[in-house]
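# Overview (structure and organization)
Spelled out, the chains give:
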Amino acid sequence: MTDDFHADVLDQFHAVRDGLAAAEAAAGRPAGAVSLVAVSKTHPAPRIRPLLEAGHRLFGENRVQEALAKWPALRSAFPDLELHLIGPLQSNKVKEAMALFDVIETLDRPKLAQALTAEGERCGRRPRCFIQVNTGAEPQKAGVLPDAADAFIEDCRRRWRLSIEGLMCIPPHDEDPTPHFARLAEMAGRHGLPMLSMGMSDDYPQAVAAGATHVRVGTAIFGHRGI
Ligand SMILES: *Cc1c(COP(=O)(O)O)cnc(C)c1O
């Protein structure tokens with residue numbers, strides 16, 4: 001692996017940081033209002049390290065097994081990093097996920113809420129969670145359906161006593177994302193939830209305009225996922 005290869009990732013990272021700053025300014029939001037979750041799924045540790053060395057600390061992965069293979073070593077070198085799970089979580093992987101991830105962004109069903117609460121009690125640490133909302137009600141997509149979201153958010157907080165920090169969504173591929181972002185923001189506002197994880201490589205400026213506090217950007221930083 002050449003230095004050029006790493007320089008590439010850093011250049012792209014800086015371009016996204018600039019894009020994010022421009023989007024914040026355009027939306028009339030303060031600089032630094034939006035956190036950049038660098039989505040490193042499918043990319044090996046040597047591509048991730050340059051970002052850590054440059055001071056970036058916030059990353060997202062979508063698979064527990066893959067993250068387990070990469071992140072324990074990176075975390076021992078950079079103990080203050082923050083890792084978000086942004087992909088589906090099976091309840092039988094909750095223990096592993098809670099040991100590795102700082103924030104679970106994909107809480108979307110009662111069985112998972114129950115498992116997170118049980119594991120939190122067992123290990124004496126309440127998991128930090130975002131609830132994923134399937135704003136487009138797409139059958140194949142994870143996330144609680146919009147109609148069921150209000151009741152689920154309430155249950156997570158009151159019944160399962162989980163620490164719900166915000167909401168997350170992945171709008172349908174083929175639609176204007178802005179109405180989906182607006183719907184998520186409205187729902188979060190209604191429940192007094194401060195955090196909104198929305199926006200990816202192709203649409204993060206729109207998400208920033210709609211109030212995102214976290215954008216999840218992979219391809220624009222790390223390049224296309226080969227395999
Ligand atoms: C892969 C992924 C992203 C990043 O998508 P890009 O288009 O590569 O920026 C964001 N969110 C989730 C949930 C993902 O799985």
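Residues numbered from 1 in each chain as written. Predicted model: local features only at pLDDT ≥ 70, side-chain atom pairs only at ≥ 80, totals over all residues. Heavy atoms only, no water.

### With respect to the site of the ligand
Under the convention used in this document: Working definition: residue near molecule or strand if any one of its non-hydrogen atoms lies within 4 Å of it. Any pair of N or O atoms that falls within 3.5 Å is considered a polar contact. Within protein, one atom must be able to donate a hydrogen and the other to accept it, and sequence-neighbouring residues count only if both atoms are side-chain atoms. Each accessible area is a Shrake-Rupley estimate made with a 1.4 Å probe; only the visible protein chains count as cover when residues are assessed. Any residue outside Ala, Val, Leu, Ile, Met, Phe, Trp, Tyr, Cys, Pro, Asp, Glu, Lys and Arg is labelled polar, Gly included; the first ten of those are nonpolar and the last four are charged.
Around the ligand, the surrounding shell consists of V39, K41, I86, M168, I170, M200, S201, R216, V217, G218, T219 and R225. Side-chain polar atom of K41 to an oxygen atom of the ligand: 2.6 Å apart, as the coordinates give it. Burial of the ligand by the protein amounts to 89% of the accessible area it has alone, namely 390 Å². Across the shell around the ligand, the residue classes break down as six nonpolar, three polar and three charged.

### Some thoughts on the pairing of strand 5 (residues 128–132)
Which entries qualify depends on this criterion: Partly exposed describes any residue whose relative accessible area lies between the buried limit of under 20% and the exposed limit of over 50%, with all areas from a 1.4 Å probe on protein chains only and scaled to the type maximum. Secondary structure elements follow DSSP: runs of H or I of four or more residues count as helices, runs of E of two or more count as strands, with numbering from the N terminus. We call two strands paired when DSSP finds no fewer than two bridges between them. By convention a crossover is right-handed if, when the strands point away from the viewer, the path from the first strand over the helix to the second runs clockwise.
A large share of strand 5 lies buried, amounting to four of its five residues. The pairing of strand 4 (residues 103–107) with strand 5 spans three bridges and is classified as parallel. When the bridges of strand 5 are listed, V103 appears paired with R128. The β-α-β motif built from strand 4, the intervening helix 5 (residues 110–123) and the parallel element strand 5 has right-handed crossover chirality. Of the strand pairs in this sheet, strand 5 and strand 6 (residues 163–168) are connected by five bridges, and their pairing is parallel. The partner of I131 across the bridge, within strand 6, is L167.

### Points about the pairing of strand 1 (residues 35–39)
Counting buried positions along strand 1 gives four out of five residues, so the element sits mostly inside the fold. Taken together, the two bridges between strand 1 and strand 2 (residues 58–61) define a ladder with parallel strand orientation. Residue A38 lies in a different strand from strand 2, and its bridge partner there is F59. Note on the crossover from strand 1 through helix 2 (residues 45–53) to strand 2: the handedness is right-handed.

### Observations regarding the side chain of K41
Note the cut-off: Charge counting treats Lys and Arg as positive and Asp and Glu as negative, with His and both chain ends excluded. One side-chain nitrogen of Lys or Arg within 4 Å of one carboxyl oxygen of Asp or Glu is enough to make a salt bridge. Any two residues whose heavy atoms approach within 4.5 Å are treated as being in contact.
Take K41: it is sitting in the loop between strand 1 and helix 2. Although K41 is buried, it forms no salt bridge, and the closest oppositely charged side chain is E66 at an N-O distance of 8.5 Å. Those residues in contact with K41 that sit more than four places away from it in its chain are G60, E61, N62, E66, K70 and R225.

### Remarks on the pattern of salt bridges
Applying the stated criterion to the full structure yields 13 salt bridges. Connected through shared salt-bridge partners, E61, E66 and K70 make up one network.

### Notes on helix 3 (residues 64–77)
Rules: Each residue after the first adds 1.5 Å to the expected span of a helix. To get the bend at any residue, fit one axis to the seven residues that end at it and another to the seven that begin at it, then take the angle between the two axes.
For helix 3, spanning 14 residues, the distance from its first C-alpha to its last is 20 Å, which sits close to the expected 20 Å at 1.5 Å a residue. Along helix 3, the sharpest change in direction is near 40° and occurs at W71; proline P72 comes one to four residues later. Regarding helix 3, the residues found buried are V64, E66, A67, K70, W71 and L74. Residues of helix 3 that are buried make contact with helix 2, strand 2, strand 3 (82–85) and helix 4 (94–100).

### Examining the nonpolar core
We apply this condition: Here, nonpolar core means buried Ala, Val, Leu, Ile, Met, Phe, Trp, Tyr and Cys residues that are tied together by side-chain atoms lying within 4.5 Å of each other.
In this structure, W71, L107, L116, I131, L167, V215 and I221 are the most contacted members of the largest nonpolar core, which totals 60 residues. Discounting residues that sit within four places of it in the chain, V215 has contacts with L20, V34, S35, L36, V37, M198, G199, Y204, A207 and V208. Counting five residues, the second largest nonpolar core, distinct from the first, contains I86, V103, F130 and M168.

### What to know about unusual backbone geometry
You will see that A137, though not glycine, has its phi angle at about 45°, which is positive. Locating A137 in the fold gives a position in the loop between strand 5 and helix 6 (146–159). When its relative accessible area of 44% is taken as the criterion, A137 is described as partly exposed. You will see that R161, though not glycine, has its phi angle at about 55°, which is positive. One can find R161 in the loop between helix 6 and strand 6. Judged by relative accessible area, R161 falls into the exposed class, the value being 59%.

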